[in-house]
Structure formats: C-alpha cells, structure tokens
Amino acid sequence: MRVMVVVKATPQSETGVLPDDPSMFIEMGKFNDELIAAGILLDAAGLKASANGKRLTFRGSKPTVTDGPFAETKELIGGFWIWEVKDMAQVMEWASRAPMEDGDTLEVRPFYEPEDFAGLVPDETVEQEKGWRDDQLAKARDTG
C-alpha cells in the first residue's frame, strides 16, 4: 500500500524563510533515515512557499493560470512523504513519530492502485499501470 503523507503549510512556511534553528532539519533527517532503514520511504520533499507557485484552473479548452501566493494557508501543502507500508496502522505508527512542531498537521492519503480499477477498465490497462508503478517503485528504491 502506498500513501502520501501531506505536511500542511503553516503561516511560517508560507513566508518562504527557512528556520534559523537547524535542530528541526537534523531531527527530520534522523526520522527520514529511520523510514529508509525500515524500507518505507519512497520519496519526500519540502515545498517552497505558494508565492513561488501557480495554479491552473480548467474550464473549457484552455486553463486559467493564477500566480501565487494563495490566500488559504490551511488548504496548502508544505511538503510530503510517499511511503510504501503494509496497512494504515503502520502509517499511523510512523506518522505519530514524525518530528513536527506544535500545531502542525499531517494528512494521510492512500494512492489508488491499478488493482482498484479491475473490472472498470480493460485488463491490459490495469497491467500497463502495474508495470509503470513497479518501474517507479524500483527506481525509487534504487535512488533511496
């Protein structure tokens, strides 16, 4: 089972200024090392403030592009992990140990897997998606 663990943005992360205290980065590095050693971490990254981003809104044939920053911090993503775990209980066990600051929020979202579409799309499409997923997982493990 793959999940994305979303780190919600905060007013501080939206300033675009990195913290002065390196201890947060050190603790996060230790946590990520533990995830790697456990064979769980596939990918992770922090995201720059929304002022550096753009949104595309699709209506009709051409999207409308809006430059950041975006107003609703509570709806923004500040970073993410992608984990491969056996079940949601394992996600909760690891996510509960994340070195987050007071008031931070993590959101856990399972990925749709090709198997979820069995019976809805042709078997060849499911197999094609499985192949892509397996290739990506192999690359993530090779670079991890």
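Residues numbered from 1 in each chain as written. Predicted model: local features only at pLDDT ≥ 70, side-chain atom pairs only at ≥ 80, totals over all residues. Heavy atoms only, no water.

Side chains of Asp20, Asp21, Glu101 and Asp102 sit close together on the surface and give a patch of like negative charge. Assignment of secondary structure puts Asp20 in the loop between strand S1 (2-8) and helix H1 (23-37). (Patch = residues over 30% accessible without salt bridge, like charges linked within 9 Å, V, L, I, M, F, W, Y side chains within 5 Å. Areas by Shrake-Rupley, 256 points an atom, 1.4 Å probe, with all protein chains shown as cover. Salt bridge = Lys/Arg side-chain N within 4 Å of Asp/Glu carboxyl O. Lys, Arg positive; Asp, Glu negative; His and termini not counted. Charge placed at Lys NZ, Arg CZ, Asp CG, Glu CD. Helix = DSSP H or I, 4+ residues; strand = E, 2+ residues; numbered from the N terminus.)

Counting across every chain of the model gives five aromatic pairs. With a centroid separation of 6.1 Å and 55 degrees between ring planes, the pair formed by Phe31 and Trp94 is classed as tilted. Here Phe31, found in helix H1, pairs with Trp94, found in helix H2 (residues 88-95); they are 63 residues apart in sequence, far enough to count as distant. Here Trp94 falls in the buried class, since its relative accessible area comes to 9%. Taken together through their ring pairs, the aromatic side chains of Phe31, Trp81, Trp83 and Trp94 make up a single cluster. Here Arg2 stacks its cationic end above the ring of Phe111, 4.5 Å away from the centre of that ring. If you follow Arg55 out to its NZ or CZ, it ends over the ring of Phe70, 4.0 Å from the centre. (Phe/Tyr/Trp six-rings, centres within 6.5 Å; stacked < 30°, edge-to-face > 60°. Buried < 20%, exposed > 50% of the residue type's maximum accessible area, 1.4 Å probe, protein only. Lys NZ or Arg CZ within 6 Å of the ring centre and 35° of its normal.)

So far we have only geometry, and geometry alone does not tell us how the molecule works.
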